[in-house]
Each structure stands twice: as C-alpha cells, then as structure tokens.
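Each chain is listed here by its residues.
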Amino acid sequence: MITSIATLSACHVQEEKPASSPDTFNYNVEEFADIGILRYQVEGFESLPLQQKKMIYYLSQAAVAGRDIFFDQNGKWNLAIRRTLEAIYEHYNGDRNSESFQALEQYLKQVWFASGIHHHYSMDKFKPGFSAPFFAEAVQSIDSSLLPLKVGESKEELIEKLTPVIFDPTVDAKRVNQAAGEDLILTSACNYYDGVTQQEAETFYNNLKDLNDQTPVSYGLNSRLVKKDGKIEELVWKTDGLYGEALTEVVYWLEKALSVAENDAQRAYIEKLIEFNRTGDLKTFDQYAILWVKDTISDIDFVNGFTESYGDPLGMKASWESVVNFKNKEASKRTETISENAQWFEDHSPVDSRFKKETVKGVSAKVITAAMLGGDCYPATPIGINLPNSNWIRRDHGSKSVTIENITKAYDMASLGNGFNEEFVWSDTERELLKKYGFTSDNMHTDLHECLGHGSGKLLPGVDPDALKAYGSTLEEARADLFALYYIADPKLVELGLLPDQDAYKAEYYRYIMNGLMTQLTRIEPGKSVEESHMRNRQLIAKWLFEKGEPEKVIELKKRDGKSFVVINHYDKMRTLVGQLLAEIQRIKSEGDYEAGKNLVETYGVRVDTNLHKEVLDRYAHLQIKPYKGFVNPVYTPVTDDKGEITDILISYDEGYAQQMLRYSKEFNALPTYNN
Ligand code: ZN
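Everything numeric here is computed off the predicted structure, so don't read it as measured data. (Residues numbered from 1 in each chain as written. Predicted model: local features only at pLDDT ≥ 70, side-chain atom pairs only at ≥ 80, totals over all residues. Heavy atoms only, no water.)

Novice: With reference to specific residues and values, describe helix 10 (residues 282-294).
Specialist: The terminal C-alpha atoms of helix 10, which comprises 13 residues, lie 18 Å apart, in line with the 18 Å expected from a rise of 1.5 Å per residue. Residues of helix 10 that are buried sit in contact with helix 9 (264-279), strand 7 (300-308), strand 10 (384-387), helix 13 (391-397) and strand 11 (399-404). (Helix = DSSP H or I, 4+ residues; strand = E, 2+ residues; numbered from the N terminus. Expected span 1.5 Å × (residues − 1). Contact = heavy atoms within 4.5 Å.)

Right under this line is the structure:
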C-alpha cells in the first residue's frame, strides 16, 4: 500500500541549518500547469561499496524498463499519444514560440507526469490548450518514420484516431471512475478490462474465489480481463505474454542485479521475482512476497512489478511500479523502536479485542533513502510504503514498512518560505508548534501509519478481504491514519524517546485537521468532489472529528477578515474521538460491514463545501504554489576500465525534466505502441 503521500501543506518549516553544513542542493527543477518538479538527493550513495553501487545501478535500469507498461495500463491510447507528441516536440520545424506549440509542450509535460492523458490525482482527462487543427498540422509536418504508425497506417489515419481521444471531453473522460451506481469498468478509461462489464468481471472473479481458502492468491493482479468471441479470459502480463517485451528487459536487469546481490536471502527473492515475471503464476508471486518480507537484513531493497491496485476501479489489478532504495541506518533506529514495541501498541489500542492480533508478526520498519523511482512511483511518489498487500501474507509473515526520508526532506526544503503557513494557520501559537515539531511529528505520523497502522488488527474468520469493495482503500488508509493519530498523542512515545515532549503531537493534530478540512481542497477543481482514496480518508477523519466534537467545540472553523481557519480547542478530547473512530473503522474492516463503510465514506469523505472550497482556492491561488509535486531521478553512469569492467558508478543531478523523459522514452522503448 502507498501509505503516505505528501499533503503538500508545507507546514513543517525546517529548523535553521547549522552554518557548517550549507545545503546548496538545488531542489526545485521547474513548474508547469499545476505541477512543480523537484529533485531529491541520494545522500550516502557515493560512499557505498562498489558492489552495492552496481546493484543500485542495475535495479535503477530495471525500474525504468517497465515505464511504458504503466502508460499502457492507464489507457490504451497513451503510448500512441505520447510517442506522437514526442516526435512533434523533437522535430517540429514551425514556430516553437507560438502559443499553440507552447500549449502542446505543456500538455506533453502533463502526459509524461501522469503517465497518460488523465491527471494522476483527479483522474480527469487533461484539456489541451492547443486545437485539433494545430495538432493535425503538426503531425503532418513530421516525417512518417518518426511517428508511431502501424504498418500501412497513414498520418491522416493516426490523426483521425487520436483526435477524439485528446480533444473530445466525453471520450475516455476519466481514468478511474469511483462514482457509486455507475458501471465502474465501462466508465473508466484505464486499460485493465476490455469488452467486459463490471458485473461480468465481478462474477468472473467471484467464481475463482474460494472463501474457505486461508491463503488465496491475489486474483486478477497481473492480467487484463477481456472478452473474446463471447468468452471472458485473462491476458496475463509475463515475459511471453502481454507486456512481454518490456518485462523481458526488466528480467535482464534483474538478473544483472542478482549477480551482485548482498546475500542469499536477497538472491532468493530476486530469483522468485524473475520466475514470476516469466510465468505470471500468482502462487509464485506470493512465494516471492514471503521471501521479500523475510529479508530484513539487506541494505539495499526494492520493489519492481505489479504492486498497487488504486488504478483499477475494482481494486484488483496492479499497476507497474518500482522504488530502489537503501537503508538510512541512523534514522531507522526510530522505526526499530516502534517495531520492537508493536505488540504493546496492538494490545493497548482502543479497538474491540476480537479484532486485535494476538501476536503481531514481524512488523519491520525502516527509514530509507530512495535511489530511483519508476512506473507508478514516478515522477509523483509516495513518502511511505507498506508491503506486501496480500492480507494473509501480512497475517502470517508480517509486512515491511518504509518511510522515504530523502523525499520528505526534498518536499520540506522546496517549500521553505512559500507563505502557506502565514495564510492558512490560525495564529502564531500554531505556527510555532509547526515550526518546532512539524517535521518530527509529520515523520512520526508516517512511521506509525506504516509500521503499525496497516499491520494492526485482523479480519474475523470467513470475512472476504474485498468485502468493502470500492470503499476498501479509503477505509484502510483511514484505519492506518487513525492508528497513527491515536498513538502519536500517547505518552508512550515520549517515554520511548520518539518525541521530545507531550506537545509535539499537537503539531500533527493541527496539520492533519487543517489539511483534511480545508487545505487539501486546493487539489480539487471547482465543482468536483473528493475522489482519491487518501484524500477521501483525510476528509472523512477530519469532518467526522469536527462533527462529533461540535457540542464541546473540540475543533472550530473560525472566521477572521472573511477567511476561515481551523482552531483546535481541546487536543485531548480530539484524541478520544480519534480512538472512537478507529474502533468503528476497525470493526467495519474486521466484519466486512460494507454498508457502514459506504455510509461513512459517502457522508464524510466525498462531498465538498462549495463556499469553503472557493475561498481556499482563491487564497491558495495568491500564493502561487503548485499543488502537485513530482521528482526527476538522478542519473547513474557506470565507469568502466579497458576490459569493460565496471569500476565505479557516478551519480549526477543535472538532468532536466523533459531531457529525462525523452531519454527514458528512447532507451526503454521495447513495448509496442498498441498492446492487445
Ligand atoms: Zn497507508
């Protein structure tokens, strides 16, 4: 699970840096549309041993090798559109300063960022700022050999095919539709299903499931479900199946990595992952996941493959992603302390004892330094991840949680002095809290969410893990967030030395409520409701706490000069309410109470107060902060001796955004434009 994505509230203002360590790293790269591109620093890479540097290099190649899979998963026209636009971008000889061309450039940058023509967060199709006639003229001006034409296809045919997909707002309007009551498959543009209805897909997978199976595979995880000649079948993603060309390259680099693996445990799971890429067998995937979760000794770690299912309206099919990283040993002492005390936290949580784990298994948590991002983790990336996602593997073998601190730090550094806190925080008291504790308490929230939240609790026997259906992701995130919010205020954290004092949690409480009630609305277009599951979860929690605390004015929305502000009057009472909501959501999950879950999400998580929304957007617009951020990767360059042996891997940070995207498109272009 992606457990944490940056809220971009920019609330943690870093302490002054000591003069002895000036941070001259350039975090900000460029801005376009609603996006800010940042850069992250891979501190410690240079001093790694050569073998580990090689490993990271090979894995970083494997991380980019699957990039085009993710484009295709997000929509069947994405690669054709991207490749056409790239050809225009590189070879157009007309006026490149014209408004139309500039708009096309921005559109291409958006397509790169979202790995497709739909916004990565809102899931809505981008509105191009150039016209269909301009697009046609630009395509006509490019040499045919440079365009992604099918055999025998003319430029006119390409134009005719792509024009409605790019320009008609009613065609493929949404990548993932979550609107209750509609056929979520037919109304979603994502490429996980072809020719099947939601009903047909649900029936297909329900027939495969055996509810008595205590160790079920993740059905549907690695395939497209299609109807061919009236028959429904899965096209499996594997080296000799769908996406085989790209997966073959992934395997090539994984085998290189295997040759420099740190130890047998690491070798074992890389071998299984390779086998899974070759066979597509979901039992092999589970074996891989178990071996992976057991390896807690290696310094280098990575995810590479079909992992998260947020992009599938039914929450089964996994998008391709990769994160390559190594352990931040100093910062990991923090998460190790949390993990060592996992059973204490489980035992003392406010949920019904029937839903608690008697033994919390192997909650392993660490702070990592990201070295490469790929697929669904690039350029927009989470700051916390907890895997594997399979419920029974988590139950029987535990899970690994990570906090990606060099990414958190980059967000923090890039947001310094942007005026956000001055605009949205009620008074100096709260601003001081945020300044003093914001960075620490925000990281602690992520750690708790990761190390404990997702791993806590259990399903009652016989409960279908998918019982909450489309509301499952939101409620799972809410559960983990509430677990973190509940414990961040516990004196135990101060006792364990994880927080400096009993005021530190207040910074996180304030930040969380301000974000959930107000400032995350900066990410929503006027007239739209909340759709993304992490955002739904945050609004659900904030609105529920607000409403339930109203009689005692626990949380208030106060007005000053016509502007709204969050004020928390009773932090201690807020914690009590957090405990109540945690207990209820754990009950919903443990019992598979779909109706209650739906009711909570629909009542608190979805609808937006139009006036407040407008106000927040206006205030935010004045700050001119881009609401979404993503990252360019560093560049790794092997140095070889005269025998061709690698003697070092150099890291550099000078590649631009478009430059990197174009390079990836050229170096990793094995996948055909159309995959069916
Ligand atoms: Zn989470």
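Text resumes after the structure shown.
Novice: Pulling in residues and values, what's your account of the coordination of the zinc ion?
Specialist: Binding of the zinc ion to the protein goes through His449 (NE2), His454 (NE2) and Glu477 (OE), at separations of 2.0 to 2.1 Å. The sequence pattern formed by the donor residues of the zinc ion is H-x4-H-x22-E. Residue His449 shares its accessibility class with His454, and that shared class is buried. (Donors = N, O, S within 2.8 Å, 3.2 Å for Na, K, Ca; no water. Buried < 20%, exposed > 50% of the residue type's maximum accessible area, 1.4 Å probe, protein only.)

Novice: Describe the pattern of salt bridges, with residues and values.
Specialist: Under the counting rule described, the total for this entry stands at 51 salt bridges. The salt bridge involving Lys366 is made with Asp301; its shortest N-O contact spans 3.1 Å. Residue Lys366 is located in strand 9 (residues 363-375), and its partner Asp301 is located in strand 7; the two are separated by 65 residues in the primary sequence. Accessibility classification places Lys366 together with Asp301 in one group, the buried group. Through salt bridges with shared partners, one network takes in Asp352, Arg354, Glu584, Arg587, Glu591 and Asp593. (Salt bridge = Lys/Arg side-chain N within 4 Å of Asp/Glu carboxyl O.)

Novice: Outline the environment of Leu48, supporting the account with residue identities and numerical values.
Specialist: One can find Leu48 in the loop between strand 3 (35-39) and helix 1 (50-65). C-alpha of Leu48 to C-alpha of Phe326: the two residues are 278 residues apart in sequence and 9.8 Å apart in space. Dropping the residues within four chain positions of it, Leu48 is found in contact with Lys53, Ile56 and Phe326.

Novice: Which residues make up the packing of helix 17 (residues 472-488) against helix 21 (residues 571-591), and what are the values?
Specialist: Following both chains from N to C, one finds helix 17 and helix 21 inclined at 145 degrees, their axes separated by 9 Å at the closest point. Relative to helix 21, helix 17 is oriented so that their crossing is left-handed. In this structure, helix 17 contributes Leu475, Glu476, Ala478, Arg479, Leu482, Phe483, Leu485, Tyr486 and Tyr487 to the contact, and helix 21 contributes Arg575, Val578, Gly579, Leu581, Leu582, Ile585, Gln586, Ile588 and Lys589. The residue inventory of the contact of helix 17 with helix 21, partitioned by class, reads 12 nonpolar, two polar and four charged. (Axes fitted to C-alpha atoms, helices over the stretch in contact; angles between N-to-C directions. Left-handed = near helix turned anticlockwise from the far one by under 90°. Nonpolar A, V, L, I, M, F, W, Y, C, P; charged D, E, K, R; others polar.)

Novice: Please provide a residue-by-residue account of the sheet that holds strand 6 (residues 231-236), values included.
Specialist: Across the sheet, which stays open at both edges, the three strands sit in the order 4-5-6 with mixed pairing between neighbours. Each edge of the open sheet is held by one strand with a lone partner, namely strand 4 (193-194) and strand 6. Here strand 4 pairs with strand 5 (residues 223-228) via two bridges, running parallel. Bridge assignment links Asp194 to a residue of strand 5, and that residue is Val226. In this fold helix 7 (residues 198-208) packs onto strand 4, strand 5 and strand 6, with an angle of close to 115 degrees to the strand it touches most, strand 5. (Pairing = 2+ DSSP bridges.)

Novice: Tell me about the side chain of Ser349, and please be specific about residues and values.
Specialist: Following the sequence through the fold, Ser349 ends up in the loop between helix 12 (342-348) and strand 9. Take Ser349: its relative accessible area is 6%, and that puts it in the buried class. For Ser349, the residues in contact, after removing those within four places along its chain, are Lys356, Phe483 and Tyr487.

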